[in-house]
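# Architecture and fold: a report
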Amino acid sequence: MGNEYQVEVPEATAQFINRSFVQKLDEGRVKEAADASTAFIREKLRQEAAVREILAPEGISEEEIDRDENTDQPKKIIDKEPDSYATYVQFQGTGPRTWFKGPRYAIYFGKIESQRFTKNKWELMSYTSDIRKILSDNSVKDMADEEDRYFNHLVADIITAAAGAQTTNGPFQSATFKSAMQSMLSRRRPIGKMLMTKERYFDAIDFPATTVGDNVAQRHFDEGIEATEKLWGLPVVTTIKSYIYDPNKAWIFSPQKPNNFLGNFYLLQDATLFIKQEADVIMFWSYEALGMGIGNRQSMQEIVFP
Amino acid sequence: MTDLNSLFDIVTRDPHPNALAGLMVILDVKNPPAVGAGGTPTPGTIERGHVLMMDPADGRAILGDSTGHIATDPQFYVYCVDGDTDYDGALMHRVTCIEGGMQLKTDKYDTTIAAVNYHPGASLTVGTAGGSNDGLLIPLTGATEPILGWVGPDGIHSDGTLDVLVPQGRSR
């Protein structure tokens, strides 16, 4: 149903889409109307939540959640790698015994919900804009923002608790980034991706040819910074959300693959559009249930620019 | 004809399924604990049933008390119905509250006060700031205290919970 709806869209006017949307609801095909928009929503959300580029979301099923005797709310317990070491000994010596135990941490879940959009169906018909755009603009981006906002708070809490050890200060130049990456490596954490606002990323345009080479400088001049996806080999996730992520900062994170050195992002349910109509009033909203956590707190380094 | 440019909007949340007449208010918690060292979110201390009010500095939820309530500027109190001690609350430290328009049974009342004072129809207020009973219901003791509700017809249930009627806009 979703594909059929998608194919019709390019040839239809926005008014037709709205009318079609309303007709489906009138005819009781609420699920079809919801499916058509839900497929679109998932595409947008993956593109626009920066955290999903750092922590890959992973669906979790009923069988995989962990229960608790004190609450009926779900959680997911994640095992962490137990620490170990080896010892150089004489031929008659032995390594120390250990009754090993692996630490764990838990992911808790919550719900993100958009505003509940309410409209009279005749008023809805008067809109010349695409109803799907309204849905995506007003609910999906808002939910993606909430994901990023939570992740930003989580990172800030961890960096603050590290009391400076996971912060590198310096100008936007190679020495600063090098120092940040070296800090990660000194803690035996691999380097995965970097996150910064697009606004800050544009500072890379100023890298002179004497630093980055003629080819890179030429490319930046001809094609802009957008053509560059890495800095010093490090993939950069950029976001326009300077209202969430401080543009005077950047963050380096350890990778999740092939081995997970960072954390987890679980989805009990991905973004879902719910639509209902009662007489002439149409309501629709989006919601999702998710949980994210950083199990390896030393797996990030914050860079603070002056 | 400037309706489309009006900033006016009704932003009430849909009512709680069990408090259909209640105004739902969602508040961030004041000074929540940080995520634990292992990465697991740390539960807070606001439990369902606690009486809360907003910190005037930032609108965040704090335990309610009658100390800051004055007749000429009555305090706005809410009942927490989903605190930050559970998993979802520990995750976001955002609590779901209802202002009034409900009947509830709660264990968040001061049990050190004699049960006879919680007779059906007794007016209820909230404890004093910094005391052992801030955030808890107590019987009204003075004309200047805010009214948080009335003890319902069941008084104290056999399981120890208090039957409370909370009309909308009951504060004074």
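Every residue gets a number counted from 1 within its own chain, in the order that chain's sequence is written. Just so you know, chain letters begin at A and ligand numbers begin at 1, following the order they were written in. It should be noted that, the model being predicted, local features are given only for residues of pLDDT at least 70 and side-chain atom pairs only at 80 or more, the latter also being counted only at that level, while totals for whole chains, interfaces and linings use all residues. Each side-chain value is worked out from all heavy atoms of the structure, with water and hydrogens disregarded.

Bringing the overall build of chain B into the picture now. A count of helical and extended segments in chain B gives one helix and ten strands. Counting from the amino terminus, helix and strand elements in chain B follow one another as β-β-β-β-α-β-β-β-β-β-β. Along the first, second and third principal axes, the C-alpha atoms of chain B reach 55 × 55 × 30 Å. Per-residue accessibility, obtained with a 1.4 Å probe over protein chains only, is compared with the maximum for each type, and a residue is labelled buried under 20%, exposed over 50%, and partly exposed between these values. The buried share of chain B, taken over its 172 residues, is 45%. A run of H or I in DSSP becomes a helix once it reaches four residues, and a run of E becomes a strand once it reaches two; helices and strands are each numbered from the N terminus.

Counting 34 residues, the largest nonpolar core has F151(A), L195(A) and F253(A) as its most contacted members. Going through the elements one at a time, helix 4 (51–54), strand 4 (104–108), helix 6 (131–161), strand 11 (249–253), strand 12 (263–278) and strand 13 (281–294) of chain A together with helix 1 (87–92) of chain B are the ones with two or more residues in this core. Among the elements that make up this core, the one with the highest residue count is helix 6 of chain A (eight residues). Throughout, a contact is declared for two residues whenever any of their heavy atoms are within 4.5 Å. Beyond its immediate chain neighbours, meaning those up to four positions away, F151(A) contacts V51(A), I54(A), L55(A), L195(A), Y245(A), F253(A), M292(A) and I294(A). Nonpolar core, defined: a set of buried Ala, Val, Leu, Ile, Met, Phe, Trp, Tyr and Cys residues in which side-chain atoms within 4.5 Å join the residues together. In terms of nonpolar packing, the next biggest core, distinct from the first, is built from 19 residues, Y79(B), M102(B), V151(B) and V166(B) among them.

This paragraph deals with helix 10 (residues 214–223) of chain A. Little of helix 10 of chain A sits out of view: just one of its ten residues are buried. Directly beyond the C-terminal end of helix 10 of chain A, a positive phi value near 85° is found at G224(A).

The interface of chain B with chain A comprises 17 residues on the first partner and 24 residues on the second. Buried area, as used here, totals the accessible surface that two parts lose on assembly, with accessibility defined by a 1.4 Å probe and the loss added over both. Across the interface of chain B and chain A, roughly 1700 Å² is buried in total on both sides, 51% from carbon and sulfur atoms. Any carboxyl oxygen of Asp or Glu within 4 Å of a side-chain nitrogen of Lys or Arg constitutes a salt bridge here. The interface formed by chain B and chain A includes two salt bridges. Where R116(A) meets D14(B), a salt bridge forms, and the shortest distance between an N and an O atom there is 2.7 Å. Whenever two N or O atoms come within 3.5 Å, that pair is a polar contact, provided that in protein one can donate a hydrogen and the other can accept it, and provided that, for residues adjacent in sequence, both atoms are side-chain atoms. Put simply, chain B and chain A have twelve residue pairs in polar contact (both at pLDDT 80 or more) between them. Top element by residues in the side of chain B that touches chain A is helix 1 of chain B. It accounts for five residues. Throughout this entry, Asp, Glu, Lys and Arg are counted as charged residues, while Ala, Val, Leu, Ile, Met, Phe, Trp, Tyr, Cys and Pro are counted as nonpolar. The remaining residues, Gly among them, count as polar. Taken together, the residues of the side of chain B that touches chain A break down into nine nonpolar, four polar and four charged.

Let us look at the sheet that holds strand 6 (residues 102–106) of chain B. All names here are of chain B. Strands pair, by our definition, only if DSSP identifies at least two bridges between them. The strand order 6-10-9-7-8 describes an open sheet built from five strands, whose pairing is antiparallel. A strand with exactly one partner marks an edge of an open sheet, and here the two such strands are strand 6 and strand 8 (137–139). Recorded for the sheet is a direction-independent mean angle of 45° between the axes of neighbouring strands. One ladder, built from two bridges, connects strand 7 (residues 123–126) with strand 9 (residues 149–156); its direction is antiparallel. In the strand pairing of strand 9, L124 is matched with G149. Axes here mean lines fitted to C-alpha atoms, for a helix over just the part in contact, with angles spanning 0 to 180 degrees between N-to-C directions.

Function cannot be read off these values alone, since they describe shape.
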